[in-house]
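# An overview of the molecular structure
Chain by chain, the residues:
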Protein chains: 2
Amino acid sequence: MSSPPPVERIPLSRERIVVTALRVIDERGLAQLSMRRLGAELGVEAMSLYKHVAGKDALLDGVRELLLAELETPAAPGRDWADDLLSLARRYRALGRAHPEAFGLLARGADRAYVAGRESAEAGLAALRAAGFDEETATYALRTVVRFVLGFSLIEMAGEGAPAPLAQDELDALARDQPMVAGLMRSLGPGSEDALFEFGLRALITGIAAMGPGG
Amino acid sequence: MSSPPPVERIPLSRERIVVTALRVIDERGLAQLSMRRLGAELGVEAMSLYKHVAGKDALLDGVRELLLAELETPAAPGRDWADDLLSLARRYRALGRAHPEAFGLLARGADRAYVAGRESAEAGLAALRAAGFDEETATYALRTVVRFVLGFSLIEMAGEGAPAPLAQDELDALARDQPMVAGLMRSLGPGSEDALFEFGLRALITGIAAMGPGG
DNA sequence: ACCTGAACACCGTTCAAGT
DNA sequence: ACCTGAACACCGTTCAAGT
């Protein structure tokens, strides 16, 4: 009876810490995440976090896992292997668009993406084998698509808002000496990312098809 | 006569600072580069650097330019557009292998790569146009290859030495539920990067060829 | 058991002062 | 003109002390 009312404060836990870290990154940017700020966000001193995560690197490992957990949706099986790979690639890029500030974390330890997306990956490999690809070619095909989309998105998300800050004299020299490159530079910018992604993905799938049993 | 012997000390300059910064990154890693350490390396207090570079971000801009300047070699024209694109891609990846620690800087402001590699880029575009590709398709083809190789290398260089630190229980679950993905995981590692790169590049070129006038 | 305060060894950057 | 010293507002992390 004389004890105080139940405290509002939810106890710290690794999960609460990691979820809050991702939210801070989403809202303020990766560079703004510090142990001290994260502690403040949780109503706690920074030093308390160390009871639940080994350090900042371990915290970022947790954020990466959380991110990749979002990748896997109950992927409906596609009509064929090409459909499966297109779907996997597009869901990957959508993850980047949902968390552009955090996406850079996925550059390191990219192999964990296969565990996170294991159901989609298994379906993709099965579809490739069913179409007559041998094990090695099927493996390379899937790894190539994953590498492409991860690399593509990393650069896209890192580029955010820095289109082409070239000095005027550089642009003039370019227009004089390499006019086609100058034309290409003008086409750069966020507006062309969707088309570029689909172009590259289509080229890759076409090229992979040519390496299969029928190619 | 009474003046001291000419000082050994070379005066600071933006170029000396940037060149030294790249050396520090190459030798000790990007995370180890600080204004204070760089000053020490140059025999100067950190604060003196601010007379020559606006800040750490401007310094890293300079390092990126220095890096990209290495990309351009007097590229002998290839036999055809596919040859030109293959050569550009391989020189890009070689740059990554030469400076794995610094390569991550190229994720941001990736468009500057076209200026740095402008001679190769112009040659590639010219070869595509000569083969009958229209301007838009030629532009997308070149941009796709550049994006692919930059993204591929970024992930490769960021991965350095972290093959697949999966826990045993994760591996067991994977072998049970997604055996093909488990097989794929075993194939990961630095030893397969060359083959993966060539596979992806070949697929991409094949797919691009199929989008050209003869496809 | 869980959280805190103080401390350590660092950061990037500014600015008045020295030479 | 060029460099420095001291300072400011931060970092990640450790550890003895508090509750």
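Residues numbered from 1 in each chain as written. Chains lettered and ligands numbered in written order. Predicted model: local features only at pLDDT ≥ 70, side-chain atom pairs only at ≥ 80, totals over all residues. Heavy atoms only, no water.

We now examine the side chain of glutamate 122 of chain B. With respect to the secondary-structure elements, glutamate 122 of chain B resides in helix 6 (residues 118-130). Although buried, glutamate 122 of chain B forms no salt bridge, and the nearest oppositely charged side chain, arginine 118 of chain B, lies 9.0 Å from it. Setting aside residues no more than four positions away along its own chain, glutamate 122 of chain B makes contact with Gln178, Pro179, Met180 and Val181 of chain A. (Helix = DSSP H or I, 4+ residues; strand = E, 2+ residues; numbered from the N terminus. Buried < 20%, exposed > 50% of the residue type's maximum accessible area, 1.4 Å probe, protein only. Lys, Arg positive; Asp, Glu negative; His and termini not counted. Salt bridge = Lys/Arg side-chain N within 4 Å of Asp/Glu carboxyl O. Contact = heavy atoms within 4.5 Å.)

To continue, consider the relation of the copies chain A and chain B. The transform that puts chain A on chain B rotates by 180° and translates by 0.0 Å along the axis, for an RMSD of 0.0 Å. Taken together, the rotation and translation relating the two chain copies correspond to the operation of a two-fold axis. When the interface residues of chain A are mapped onto chain B, 100% of them again fall at the interface, so both copies present the same face. (Least-squares fit on C-alpha atoms with pLDDT ≥ 70 in both.)

Close to DNA strand D lie 17 residues; Arg36, Tyr50 and Lys56 of chain A together with Glu45 and Ser48 of chain B are nearest. Atoms of DNA strand D within 4 Å of the protein belong to the sugar or the phosphate in 54% of instances, the rest to bases. The separation between a phosphate oxygen of DNA strand D and a polar side-chain atom of serine 34 of chain A is 3.3 Å. Contacts to DNA strand D include tyrosine 50 of chain A, whose side-chain N or O atom sits 2.8 Å from a phosphate oxygen. (Near = heavy atom within 4 Å. Polar contact = N/O pair within 3.5 Å; in protein donor to acceptor, adjacent residues only side chain to side chain.)

Next up on the list: the confidence of the model for chain A. All names here are of chain A. Chain-level pLDDT for chain A is 88 on average; 92% of the residues reach the 70-or-more range. Within chain A, the lowest mean pLDDT, 83, falls on helix 5 (residues 112-116), and the highest, 97, falls on helix 10 (residues 193-211). Residue range residues 1-8 is modelled with pLDDT below 50. Its contacts to residues more than four positions away, or to other chains, number zero contacts. (pLDDT = per-residue confidence, 0-100.)

Attention now moves to the interface of chain A and chain B. Opposite the 59 residues of chain A that make contact, chain B presents 59 residues. A per-residue breakdown of the area chain A buries against chain B is headed by Arg147, Ile155 and Phe199 of chain A, which together make up 14% of the total. Viewed at the interface, chain B and chain A are joined by six salt bridges. The partner of arginine 143 of chain A in a salt bridge is glutamate 193 of chain B, and the shortest N-O contact between them spans 3.7 Å. Counting across the interface, chain A meets chain B through 14 residue pairs in polar contact (both at pLDDT 80 or more). Of all the elements in the fold, those that place two or more residues in the side of chain A that touches chain B are helix 5, helix 6 (118-130), helix 7 (135-159), helix 8 (168-177), helix 9 (179-187) and helix 10 of chain A. Ranked by residues supplied to the side of chain A that touches chain B, first place goes to helix 7 of chain A with 16 residues. Counted by class, the side of chain A that touches chain B contains 36 nonpolar, ten polar and 13 charged residues. (Buried area = accessible area lost by both parts, 1.4 Å probe. Nonpolar A, V, L, I, M, F, W, Y, C, P; charged D, E, K, R; others polar.)

So, on to the packing of helix 6 of chain B against helix 7 (residues 135-159) of chain B. Residues and elements named next belong to chain B. It is the contact of helix 6 with helix 7, at a shortest axis distance of 9 Å, that shows an interaxial angle of 135°. In terms of orientation, helix 6 and helix 7 fall into the oblique class. Once helix 6 is placed against helix 7, the crossing between them reads as right-handed. Of helix 7, the residues touching helix 6 (which contributes Ala121, Leu125, Leu128 and Arg129) are Glu135, Ala138, Thr139, Ala141 and Leu142. (Axes fitted to C-alpha atoms, helices over the stretch in contact; angles between N-to-C directions. Parallel < 35°, antiparallel > 145°, perpendicular 65-115°, else oblique. Left-handed = near helix turned anticlockwise from the far one by under 90°.)

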